[in-house]
Amino acid sequence: EAQVTQNPRYLITVTGKKLTVTCSQNMNHEYMSWYRQDPGLGLRQIYYSMNVEVTDKGDVPEGYKVSRKEKRNFPLILESPSPNQTSLYFCASSLSGQGMNSPLHFGNGTRLTVT
Amino acid sequence: AQSVTQLGSHVSVSEGALVLLRCNYSSSVPPYLFWYVQYPNQGLQLLLKYTTGATLVKGINGFEAEFKKSETSFHLTKPSAHMSDAAEYFCAVKHSSYKLIFGSGTRLLVRP
């Protein structure tokens, strides 16, 4: 089954404790992206990757890191999480960019709470 | 710069009633517009998209949207709401090849 898999689904951590949220897709998609969803703000893009070893900042990259060493994986790293990073995070992928014929496929989300 | 405004964070309709979710956009170039739906505890899925051509776009689950350039709108409609339509709906405009701008979302409640 074609899917985007995120882990974990739920995570509670403390301020400053490094964490990684994993994302993997099995559709051989070139493009991958991370979003955070907050009430009243919709989805905001954190980082995206056009292909292996090619990443770029989205609208809210501060406090996050990403890497794209393999096509299928795109982990999101929080080196020193803070409470304002408490949010619902989504990984998404598409065949190539977000063009007309490349709809985004989303994972089921990771709900992160930083205390 | 592109932006999206969704009017109404919550919309409540009775089962069988018309669904109308509003979306207005601003874009300096011909827009590509999308509606995504998010069911509880799930990620978003594409409902429909407008790129070029026919301005009335049909999507999944009986939804459709009409692109109106003069009104800069892309409202989502469904003639008859079903309980299973209860979800959050996001309008989005393509900003570049690698970026979508999402609206703040509208939660649709369907009353029995």
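Structure: above.
Treat the numbers as computed from the prediction; the structure is a model and nothing was measured. (Residues numbered from 1 in each chain as written. Chains lettered and ligands numbered in written order. Predicted model: local features only at pLDDT ≥ 70, side-chain atom pairs only at ≥ 80, totals over all residues. Heavy atoms only, no water.)

A. Focus on the sheet that holds strand 3 (residues 19-26) of chain B. Residues and elements named next belong to chain B. Judged by pairing direction, the sheet is antiparallel, and its 5 strands sit side by side in the order 1-3-8-7-6 without closing on themselves. Looking along the sheet, the strands with just one partner apiece sit at the ends: strand 1 (3-7) and strand 6 (56-58). Shown here is a sheet whose adjacent strand axes are inclined to one another by a mean of 20°, direction ignored. Pairing of strand 6 with strand 7 (residues 64-68) involves 3 bridges; the strand directions are antiparallel. Bridge assignment links Lys-58 to a residue of strand 7, and that residue is Glu-64. (Pairing = 2+ DSSP bridges. Helix = DSSP H or I, 4+ residues; strand = E, 2+ residues; numbered from the N terminus. Axes fitted to C-alpha atoms, helices over the stretch in contact; angles between N-to-C directions.)

B. Spotlight on the environment of A:Ser102. Residues and elements named next belong to chain A. In this structure, Ser-102 sits in the loop between strand 9 (87-94) and strand 10 (105-106). By relative accessible area, which is 9% here, Ser-102 ends up buried. Along the primary structure Ser-102 and Gln-85 are separated by 17 residues, whereas in three dimensions their C-alpha atoms are 29 Å apart. (Buried < 20%, exposed > 50% of the residue type's maximum accessible area, 1.4 Å probe, protein only.)

C. Summary view of the interface of chain B and chain A. Counting from both sides, the interface comprises 21 residues of chain B and, opposite them, 25 residues of chain A. Between chain B and chain A, roughly 1,800 Å² of surface is buried when both sides are summed, and carbon and sulfur atoms account for 56% of that area. Scanning the region where chain B abuts chain A turns up 0 salt bridges. The interface formed by chain B and chain A holds 4 residue pairs in polar contact (both at pLDDT 80 or more) in total. Sorting the residues of the side of chain B that touches chain A by element identifies strand 4 (33-38), strand 5 (44-50), strand 9 (87-96) and strand 10 (99-102) of chain B as the ones contributing at least two each. A per-class count over the side of chain B that touches chain A returns 9 nonpolar, 8 polar and 4 charged. (Contact = heavy atoms within 4.5 Å. Buried area = accessible area lost by both parts, 1.4 Å probe. Salt bridge = Lys/Arg side-chain N within 4 Å of Asp/Glu carboxyl O. Polar contact = N/O pair within 3.5 Å; in protein donor to acceptor, adjacent residues only side chain to side chain. Nonpolar A, V, L, I, M, F, W, Y, C, P; charged D, E, K, R; others polar.)

D. Local environment of the sheet that holds strand 7 (residues 65-66) of chain A. All names here are of chain A. Read from one edge to the other, the open sheet built from 4 strands follows the order 1-3-8-7, with strand pairing classed as antiparallel. Of all the strands in the sheet, just strand 1 (4-7) and strand 7 have a single pairing partner and so form its edges. Two strands pair when backbone bridges link them, and strand 3 (residues 19-25) and strand 8 (residues 76-78) are joined in this way by 3 bridges, in the antiparallel orientation. Paired with Leu-19 across the bridge in strand 8 is Leu-78.

E. Molecular detail of unusual backbone geometry. Residues and elements named next belong to chain A. Cis peptide bonds are those with omega within 30 degrees of zero, and the linkage from Asn-7 to Pro-8 qualifies with -5°. Tracing the chain through its elements places Pro-8 in the loop between strand 1 and strand 2 (10-13). Phi at Asn-28 is positive, roughly 60°, even though this residue is not glycine. Following the sequence through the fold, Asn-28 ends up in the loop between strand 3 and strand 4 (31-38). The backbone phi angle of Glu-53 is positive, close to 65°, even though this residue is not glycine.

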